[in-house]
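One letter stands for each residue in the lines below.
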Amino acid sequence: MSSKRTVQFKIYRYDPDKDDKPYMQDISVELEESDKKLLDALVRLKAKDDSLSFRRSCREGVCGSDAMNINGKNGLACLTGIDELAQPITIRPLPGLPVIRDVIVDMTQFFKQYHSIKPYLINNDPAPERERLQSPEDREELNGLYECILCACCSTSCPSFWWNPDKFVGPAGLLAAYRFLADTRDQATSERLDNLEDPYRLFRCHSIMNCVDVCPKGLNPTRAIGKIKDMMVRRAV
Amino acid sequence: MKVAKHTFDAVIVGAGGAGLRAALQLSEAGLKTAVLTKVFPTRSHTVAAQGGVAASLGNSTEDNWHWHMYDTVKGSDWLGDQDAIEFMVKKANEVVVELEHFGMPFDRTDNGKIYQRPFGGHSQNYGQTPVSRSCAAADRTGHAMLHALYQRNVRANTHFFVEWMAMDLIRNADGDVLGVTAMEMETGEVSIFHAKATIFATGGSGRIYYSSTNAFINTGDGVGMAARAGIPLEDMEFWQFHPTGVAGAGVLITEGVRGEGGILRNASGERFMERYAPNLKDLASRDVVSRSMVTEINEGRGCGSEKDHVLLDITHLSPENIMKRLPGIREISIQFAGVDPIKAPIPVVPTCHYQMGGIPTNYKGQVIVPKDGNPNVPVPGFYAAGECACASVHGANRLGTNSLLDLLVFGKSAGETVVADFQSGQLTLKPLPDDAADVSLARIARLEVQTNGVEVADVRLDMQRTMQKHAGVFRFADMLKEGVAKILEVAERAKHTQIKDKSKVWNTARTEALELDNLIEVAKATMISAEARKESRGAHVRDDAIDCAETPNGRDDKNWLKHTLWYSEGNRLDYKPVNLQPMSADVEPIALAKRTY
């Protein structure tokens, strides 16, 4: 690999303070050898043009800030290798959410759906003196569920969420719903299922599986949604 | 500019572990509370903590709080206040069990209890053998904790102001704290948050260094705000360099890797920690391990073509165990080091990680300052917890897993103190001065009109390189002296930062310029405090401190067993005594001794 290289970008730009409408900006940047991830390149770009706006924080794929649409696919800038990407690298905001500025989107609807599934443990027994016991096998049921970083890559890649963001909980919210349904310490199973028993909230998932394809943490919301549907069926019979 | 005013019982700045734990206390007690956070709560840097949270639950090996207290005092190189340390270790089981009740997905032992692993500096029987004290959720403990705390706050209907950046502390003529000014990032509007109580939980400032495990957001906002408002900063010379940051990338590799059996090796494959810490070896305290690594590298035994790092080896562990206990580390290693640790060792290097010092507080979370001859007088209305605060439980060197414990215990304690002060009627809404928002508005206005200034990114880089070069793992008298002059020069330039972006909407150039003001305060405090402390203690080790019987490891208790206080105004230094007296009669003071592992 050469030590310095120039990378071409096409970036979605929109500043409501001065732009009538969004446009795609062609811009290139020279990278240092240590620049490995797309986020490194965006930080270099920002040093060149400080008006380029994007969210970022941990730069190691655990805070979920820098989700964006990269060459047509949702992902985290900090986990995406620059050299894996075809140029010009096309950067757009996450699809389906209102754009505030550049690649910064308004995530209100996304979090509203997350909050709608009561994303907290419900257990109304008096708290014991020590920890509640849970077998390693029961704990293992939470693997692949609790690791979600709420980056919204999945929900904003889901056509069902694009059409009905106000009615369909979306893959991230449903993954969280199943995380609590699967927790042996939680007592609100039927309340949680009631909350999803609706033509839209759960059943708008048509197993398109875009969510699985884009999840930067390798999680599988479709499988979790399938398990919720199974629970629905089982309690109906 | 029009300034809106919001009135609350309490305002909390920061929504990481400490802020969320405090918020829970306030929300559940029914106080009208605003939590300001510049990122969505689950994006706070607590999320990146990996290895665990300390508590002497004794689920796998015998343990008790006395041993935990001894380890923490020794780890602090006796600079920690023993009353606050006793308070913290005694509360550990309670706050960890509470988290489990909140739904935190801890790993489990075969009998269903919280899984615990060994960690650096934690021992059984006063330093004898490693103990399993770190309560863990795989290697994603911070993530699991932060989400559980956020979720519990959703349940409690906590009122968040998401993507609001706090700018300045508001004090009246008596010095009482009345709230903060803050900018809504989406609109650029400045508001006043007027409150009876203000809790700072803004986290650390690791971005003052060039190479740091810290997130972009860790810009010491609360620390900088406090310093500008006349609050002294305590023990800022003490910075933890984590032994295992990924070489080149700086991303953290948890000490839990060594807790699970990982070994550090030099170029010849030698397990060099056996020479430096015969007893605890790779699980010695972080300052000791980091110095040993740098010594190996400096003496030519580093690895790679540049001989600039060492290797962290877990290839002898079973792939199943790695996948189960260290899955996140494997991901990070593949992503950022290009190495699958199941097959090959990870290149690592000591990397700036944690600020032991901060805003001075007592164990109740009250911010304390010297006044009328008393070094510890609470500032009415002002509280702080977590990494931005200095209680002081970490002293000169923090033990791994004690940071998550710190933010739980003191987040809760600060919350409880505010609730108690509120309910007893001690907290009142004091009138705002007319100029409450002037300082913040002037800062924004300057950025609007500044011409012929300097780029934020340039000044920040100069600061980071200066700190890295002049106040690193090993410190040198002449370099520190030079560092002070340099950092003051950088600070002078930082007054003239210029931004091209003038948009009102989500202006991150402006946010970064405001953050730099905070970082600069921290950098000055660090360099000036470090230059002045003429001894080696914990993470602060200098070349001119002599290791002899009177000053073991270069530690000079006769002259330097005291906390530093740095005041921004005039870069003035003051000192106050360390509290060597525990809180209760349950335990004897841990007597001064030479620190070996």
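So, how was this worked out
- Residues numbered from 1 in each chain as written.
- Chains lettered and ligands numbered in written order.
- Predicted model: local features only at pLDDT ≥ 70, side-chain atom pairs only at ≥ 80, totals over all residues.
- Heavy atoms only, no water.
- Helix = DSSP H or I, 4+ residues; strand = E, 2+ residues; numbered from the N terminus.
- Contact = heavy atoms within 4.5 Å.
- Areas by Shrake-Rupley, 256 points an atom, 1.4 Å probe, with all protein chains shown as cover.
- Lys, Arg positive; Asp, Glu negative; His and termini not counted.
- Charge placed at Lys NZ, Arg CZ, Asp CG, Glu CD.
- Patch = residues over 30% accessible without salt bridge, like charges linked within 9 Å, V, L, I, M, F, W, Y side chains within 5 Å.
- Salt bridge = Lys/Arg side-chain N within 4 Å of Asp/Glu carboxyl O.
- Buried < 20%, exposed > 50% of the residue type's maximum accessible area, 1.4 Å probe, protein only.
- Pairing = 2+ DSSP bridges.
- Domains from an automatic or database assignment.
- Buried area = accessible area lost by both parts, 1.4 Å probe.
- Polar contact = N/O pair within 3.5 Å; in protein donor to acceptor, adjacent residues only side chain to side chain.
- Nonpolar A, V, L, I, M, F, W, Y, C, P; charged D, E, K, R; others polar.
- Axes fitted to C-alpha atoms, helices over the stretch in contact; angles between N-to-C directions.
- Parallel < 35°, antiparallel > 145°, perpendicular 65-115°, else oblique.
- Expected span 1.5 Å × (residues − 1).
- Phe/Tyr/Trp six-rings, centres within 6.5 Å; stacked < 30°, edge-to-face > 60°.
- Lys NZ or Arg CZ within 6 Å of the ring centre and 35° of its normal.
- 1 Å grid on protein atoms, 1.4 Å probe; cavity = no way out; pocket = protein on both sides within 12 Å on 5 of 7 lines; lining within 4 Å.
- Points joined across faces, edges and corners; volume = space filled by probe spheres on them.

Asker: Explain the overall build of chain A to me, and be specific about the residues and the numbers.
Answerer: When helices and strands are counted, chain A shows eight helices and seven strands. Seen through its C-alpha atoms, chain A measures out along the principal axes to roughly 60 × 40 × 30 Å. In chain A, the proportion of contacts linking residues at least 24 apart, taken out of those at least 6 apart, comes to 65%. For chain A, the computed accessible surface area is about 10200 Å², with 49% contributed by carbon and sulfur atoms. Averaged over its 34 positive side-chain charges, chain A has a centre that lies 2 Å from the centre of its 35 negative ones.

Asker: Outline a negative patch on the surface, listing residues and values.
Answerer: On the surface, a cluster of negative charge is made up of E137, E140 and E141 of chain A together with D110 of chain B. Here D110 of chain B shows up in the loop between α3 (82–102) and β4 (116–124). On the basis of relative accessibility, which here comes to 77%, the residue D110 of chain B falls in the exposed class.

Asker: Could you give an account of the pairing of strand β11 (residues 239–246) of chain B, with specific residues and numbers?
Answerer: All names here are of chain B. The buried fraction of β11 amounts to eight of the eight residues, a majority that puts the element mostly inside the structure. Bridge count for β11 against strand β14 (residues 346–355) is six bridges, and the pairing is antiparallel. Counted as the bridge partner of W239 is Q355 from β14.

Asker: How would you explain the domain arrangement of chain A if you had to name every residue and give the values?
Answerer: Residue and element names in this part refer to chain A. As far as domains go, chain A holds domain 1 (5–105) and domain 2 (108–236). Here domain 1 and domain 2 have C-alpha centroids that lie 29 Å from each other. Taken together, the contact pairs 14 residues of domain 1 with 13 residues of domain 2. Both faces considered, domain 1 and domain 2 share a buried interface measuring about 1000 Å² in area, 65% of it formed by carbon and sulfur atoms. In terms of surface lost to domain 2, no three residues of domain 1 exceed K73, N74 and L97, which account for 39% of the buried area on that side. Between domain 1 and domain 2 we count one salt bridge in total. Between D213 and K73 there is a salt bridge, with its nearest N and O atoms 4.0 Å apart. Counting across the interface, domain 1 meets domain 2 through three residue pairs in polar contact (both at pLDDT 80 or more). Among the residues forming the side of domain 1 that touches domain 2, the class breakdown is eight nonpolar, five polar and one charged.

Asker: I'd love a proper account of the packing of helix α5 (residues 221–228) of chain B against helix α15 (residues 508–532) of chain B, names of residues and values included.
Answerer: Residue and element names in this part refer to chain B. In contact at an axis separation of 8 Å, α5 and α15 are set at 75° when each is read in the N-to-C sense. Judged by the inter-axis angle, α5 sits roughly perpendicular to α15. Seen from α5, the contacting residues are D221, V223, G224, M225, A227 and R228; seen from α15, they are E515, D517, N518, E521 and V522.

Asker: Just give me the short version of the pattern of salt bridges, but keep the residues and values in it.
Answerer: The tally for this structure, following the rule as stated, stands at 75 salt bridges over all chains. Overlapping salt bridges, with partners in common, bring together D77, E237, D287, R291, R533, E535, R537, R555, D557 and R595 of chain B in one network.

Asker: Which residues make up α3 of chain B, and what values do they have?
Answerer: All names here are of chain B. If you check α3, its first and last C-alpha atoms are 30 Å apart, about what 21 residues at 1.5 Å a residue would give, namely 30 Å. The element α3 is extensively covered by neighbouring structure, given that 18 of its 21 residues are classed as buried. Just downstream of α3 lies G103, where phi reads positive at about 115°.

Asker: Can you explain the sheet that holds β14 of chain B? Please cite residues and give values.
Answerer: What links the strands of a sheet is backbone hydrogen bonding, and the strands pair in either a parallel or an antiparallel sense. All names here are of chain B. One open sheet accounts for four strands, arranged β11-β14-β13-β12; its pairing is antiparallel. Each having just a single partner strand, β11 and β12 (263–265) make up the two edges of the open sheet. The mean angle between the axes of side-by-side strands here comes to 45°, regardless of whether they run parallel or antiparallel. On top of the sheet, helix α10 (residues 327–337) reaches β11 and β14; it is set at about 105° to β14, its chief contact.

Asker: Describe the side chain of H309 of chain B, and please don't skip the residues or the numbers.
Answerer: All names here are of chain B. Residue position: H309 is located in the loop between α8 (286–298) and β13 (310–313). At 2.9 Å, the side chain of H309 forms a polar contact with the side chain of D308. When residues no more than four places from it in sequence are discounted, the contact partners of H309 are A247, I297, G302, C303, G304, P347, V348 and V349.

Asker: Break down helix α4 (residues 141–155) of chain B for me, citing the residues and quoting the values.
Answerer: Residue and element names in this part refer to chain B. Over its 15 residues, α4 runs 21 Å from end to end, which matches the ideal 21 Å to within 8%, given 1.5 Å per residue. Summarising burial for α4: 14 of the 15 residues are buried, a large majority. Once α4 ends, the next one or two residues include N157, with phi positive near 60°.

Asker: Which residues make up unusual backbone geometry, and what values go with them?
Answerer: Residue P88 of chain A is bonded to the preceding Q87 of chain A through a cis peptide linkage, with omega at -5°. Turning to its location among the elements, P88 of chain A is positioned in the loop between β4 (73–76) and β5 (89–92). Residue S392 of chain B is bonded to the preceding A391 of chain B through a cis peptide linkage, with omega at -5°. If you trace the backbone, S392 of chain B turns up in the loop between β18 (389–390) and α11 (402–423). For D102 of chain A, which is not glycine, the phi dihedral falls at a positive 45°.

Asker: With reference to specific residues and values, describe the interface of chain B and chain A.
Answerer: Contacts between the two partners involve 65 residues from chain B and, on the opposite side, 60 residues from chain A. Around 5000 Å² of area is buried between chain B and chain A when both sides are counted, 51% of it from carbon and sulfur atoms. Connecting chain B to chain A are seven salt bridges. We note a salt bridge from E100 of chain B to R185 of chain A, for which the minimum N-O separation is 2.8 Å. Seen at the junction of chain B and chain A, the total is 39 residue pairs in polar contact (both at pLDDT 80 or more). When residues of the side of chain B that touches chain A are traced back to their parent elements, those giving at least two are α3, α4, α10 and α15 of chain B. If one sorts the elements of the side of chain B that touches chain A by residue count, α4 of chain B sits on top with seven residues.

Asker: Any details on the sheet that holds strand β22 (residues 572–577) of chain B? Residues and values, ideally.
Answerer: Residues and elements named next belong to chain B. Strand order in this open sheet of three strands is β10-β21-β22, and the pairing throughout is antiparallel. Here the strands that pair on one side only, and so sit at the sheet edges, are β10 (233–234) and β22. In terms of strand pairing, β10 meets strand β21 (residues 562–567) through two bridges, oriented antiparallel. If you follow E234 over to β21, its bridge partner there is L565.

Asker: Explain the environment of S205 of chain B to me, and be specific about the residues and the numbers.
Answerer: All names here are of chain B. Examined against the element boundaries, S205 turns out to sit in the loop between β9 (190–200) and α5. A relative accessible area of 0% means that S205 is categorised as buried. In sequence terms S205 and C352 are 147 residues apart; their C-alpha atoms lie 10.0 Å from each other. Setting aside chain neighbours within four positions, we find S205 in contact with N214, N218, T219, G220, V223, W239, Q355, E387, L519 and V522.

Asker: Tell me what's going on with the packing of aromatic side chains, and back it up with residues and numbers.
Answerer: Inspection of the entire model under this criterion finds 18 aromatic pairs over all chains. Plain terms: the ring middles of F111 of chain A and F40 of chain B are 3.7 Å apart, the flat faces sit at 10° to each other, and that makes the pair stacked. Here F111 of chain A is found in helix α2 (residues 108–116), whereas its partner F40 of chain B is found in the loop between β2 (33–37) and β3 (53–54) on a different chain. Of the residues examined, F111 of chain A reaches a relative accessible area of 8% and is grouped as buried. Site record: aromatic cluster; members linked through ring pairs are F110 and F111 of chain A together with F40, Y150 and F160 of chain B. The ring of Y200 of chain A is capped by K167 of chain A, whose NZ or CZ atom sits 4.7 Å from the centre of that ring.

Asker: Could you give an account of empty space enclosed by the protein, naming the residues involved and the relevant values?
Answerer: Empty space among the atoms can be located by rolling a probe the size of a water molecule over them. All names here are of chain B. This structure, assessed with the given rule, holds nine cavities of 30 Å³ or more. In this structure, the largest cavity spans a volume of roughly 750 Å³. Of all the secondary-structure elements, those providing two or more residues to the lining of the largest cavity are α1 (17–28), β2, β7 (164–171), α5, β14 and α11. Looking at side-chain class alone, the lining of the largest cavity contains 19 nonpolar, 23 polar and seven charged residues. Here the second largest cavity defines a volume of roughly 150 Å³.

Asker: Which residues make up the environment of T109 of chain B, and what values go with them?
Answerer: Checked against the element boundaries, T109 of chain B lands in the loop between α3 and β4. For T109 of chain B, a relative accessible area of 11% gives the class buried. It is 23 Å that separates the C-alpha atoms of T109 of chain B and K90 of chain B, two residues lying 19 residues apart in sequence. Beyond its immediate chain neighbours, meaning those up to four positions away, T109 of chain B contacts P136 of chain A together with N59, S60, I114 and Y115 of chain B.

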